Amino acid sequence: MEKEKLRLDKYLWSIRLFKTRTAASAACEKGRVKLNEESAKASRGVKPGDIYEVKTEEKKWTIKVISLLYTRVQYSEAIQHYE
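What comes next is a walk through the structure.

Each value, and the rule that gives it
Residues numbered from 1 in each chain as written. Predicted model: local features only at pLDDT ≥ 70, side-chain atom pairs only at ≥ 80, totals over all residues. Heavy atoms only, no water. Buried < 20%, exposed > 50% of the residue type's maximum accessible area, 1.4 Å probe, protein only. Helix = DSSP H or I, 4+ residues; strand = E, 2+ residues; numbered from the N terminus. Pairing = 2+ DSSP bridges. Core = buried A, V, L, I, M, F, W, Y, C linked by side-chain atoms within 4.5 Å. Contact = heavy atoms within 4.5 Å. Phe/Tyr/Trp six-rings, centres within 6.5 Å; stacked < 30°, edge-to-face > 60°. Lys NZ or Arg CZ within 6 Å of the ring centre and 35° of its normal.

Side chains Tyr52 and Val54 of strand S3 (residues 51–55) all project onto a buried face; the interleaved residues Ile51, Glu53 and Lys55 project onto a face where none is buried. With 5 bridges joining them, S3 and strand S4 (residues 60–64) adopt antiparallel strand pairing. The residue bridging isoleucine 51 from the neighbouring strand is lysine 64, located in S4. Taking the residues between adjacent antiparallel strands as the criterion, S3 and S4 are bridged by 4 residues.

In structure tokens form, the structure reads like this:
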């Protein structure tokens, strides 16, 4: 059975790309998170296999979702959920 859908802002926060979920939501609103060249909304559902372009203050990421992560975990574990 599948869990409830995972919001994009929560996923980006849980894999530690953003310090807060609010910051992840703000990045989505400002168009700094893209899926297939299109801006992605914070409420968008995340699926394994999705590839996102994410611009943070520090750098630009291209991440591929490997598995869903519903809670924030240590960096060493978080990096196993995307490439």
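The biggest cluster of nonpolar side chains holds 24 residues, and the ones touching the most others in it are Tyr11, Leu12, Val33, Tyr52 and Ile63. Elements supplying a minimum of two residues to this core: helix H1 (8–14), helix H2 (21–29), strand S1 (33–35) and S3. Contact partners of leucine 12, with chain neighbours within four places excluded, come to Leu17, Phe18, Ala24, Cys28, Val33, Val54 and Ile63.

Right, let's get into the packing of aromatic side chains. Inspection of every chain in the model, using the stated rule, returns 0 aromatic pairs. In this arrangement the basic side chain of lysine 59 is found over the ring face of tryptophan 61, its NZ or CZ atom lying 4.4 Å from the centre.

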